Every structure is written in C-alpha cells, then in structure tokens.
Amino acid sequence: MQLLHEPADMHAFGVRLAQVLRPGDLIILSGDLGAGKTTLTKGIGAGLGVAGVVASPTFIIARVHRPTDGRIPLVHVDAYRLSSLDELDDLDLDVSMDDSVTVVEWGSGMAERLSDSYLEIHLEARDDDARELTMTGHDGDWSARIAQIEKETTC
C-alpha cells in the first residue's frame, strides 16, 4: 500500500509506474469518485510521453493518446457509463491492446476479461485527504514490477 498525500504525489506515482509499463499492459483502476484515478492516468501519460492533455473520457468513453517520441500509446477508458460486458466489447479495445498501455477507470468486474495479465489499482480517499493506493498484479510478471515501483517510491 502506498500513501499519497497530495494530487502531485499521485501524478508522480503515475510517472514512475509508466517506467515499468510495456505494450500490451492493462491497468484497471477502481475507487470512489474523486479518489484520483484520472490524476494517476495523467501521470502515466506524462511518463509515457503522450501528446496533449489526458482528461477523463467520461462522455466519449475511450480516448487514444499518441506518444510524442515513438514510445507507447495510452488508451484511456472510462467504463463508468458502461452497463454491460457487451458495451465494453463494442469498444474493440483488443484491436489496440497489443501495441499500447490500456488504462480502464471504473473497470472492475468488466475489464479483467480483456487480458489474462493485468494490474489492478485501488484508490481510497482518507479523511485527511491523503489517498491509499493498493496494487494487485494478476498473472504475468506484475509482482516483480510492483516490487520495483515500491522500491523506487521508498528511496
């Protein structure tokens, strides 16, 4: 568990996380409204060097952010308004997943089926406005990558 005190800490954590991400990675974000999911995704986008502003795709559901330097594209999905697995399938995310990092906000219970290997991040707002961030890796080499991020965070 990581304790992040400021929105800037959440953004910086996303930048550090981006350093261990590879094409084909799926990240599923959960947490209450305002917990920092989009701020974390902005940090991931900054770490991946994507062009433009990373904003919540609530009303358009999914947005692709291209890198400025030939690195990895970011596919940012907001599943909040999706009511079924069929609606998630209709986005055809599997077409771009192998070549990009895909981050799905509000994806718990749906997005897990997009890949056998994924990183689940749960964010929880505390009464003191800090955020608790918990990462759970599913299959693949997520355990090693989580350990690397946690080591860099504590240094």
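Attention in this report is confined to the structure presented alongside it. (Residues numbered from 1 in each chain as written. Predicted model: local features only at pLDDT ≥ 70, side-chain atom pairs only at ≥ 80, totals over all residues. Heavy atoms only, no water.)

1. Section: the pairing of strand S7 (residues 131-138)
Test applied: Here, a strand pair is defined by DSSP locating no fewer than two bridges between the strands. Numbering of helices and strands starts at the N terminus; helices are DSSP runs of H or I of at least 4 residues and strands are runs of E of at least 2.
Sheet topology note: the strand S1 (residues 2-4)/S7 ladder contains three bridges and is antiparallel. Each residue of the ladder has a partner; that of glutamine 2, found in S7, is leucine 133. Here eight bridges tie strand S6 (residues 118-125) to S7, and the two strands are oriented antiparallel to one another. By the bridge assignment for S7, tyrosine 118 is matched with histidine 138. The turn joining S6 and S7, which pair antiparallel and follow one another in sequence, is formed by five residues; a positive phi near 75° is taken by aspartate 129.

2. Some words on the pattern of salt bridges
How we decide: Salt bridges are counted wherever a side-chain nitrogen of Lys or Arg sits within 4 Å of a carboxyl oxygen of Asp or Glu. For every residue, the accessible area obtained with a 1.4 Å probe (protein chains only) is divided by the maximum for its type, and the residue is called buried under 20%, exposed over 50%, and partly exposed between those limits.
Inspection of every chain in the model, using the stated rule, returns five salt bridges. Across the salt bridge formed by arginine 145 and aspartate 25, the nearest N and O atoms sit 2.6 Å from each other. On the criterion of sequence distance, the pair formed by arginine 145 in helix H4 (residues 142-154) and aspartate 25 in the loop between helix H1 (7-18) and strand S2 (26-31) is long-range, its members being 120 residues apart. For glutamate 132, the salt bridge is made with arginine 126, and the minimal N-O distance between the two is 3.7 Å. The partly exposed category is assigned to arginine 126, whose relative accessible area is 29%. Put simply, Arg22, Asp25, Asp141 and Arg145 are held in one network by salt bridges that share partners.

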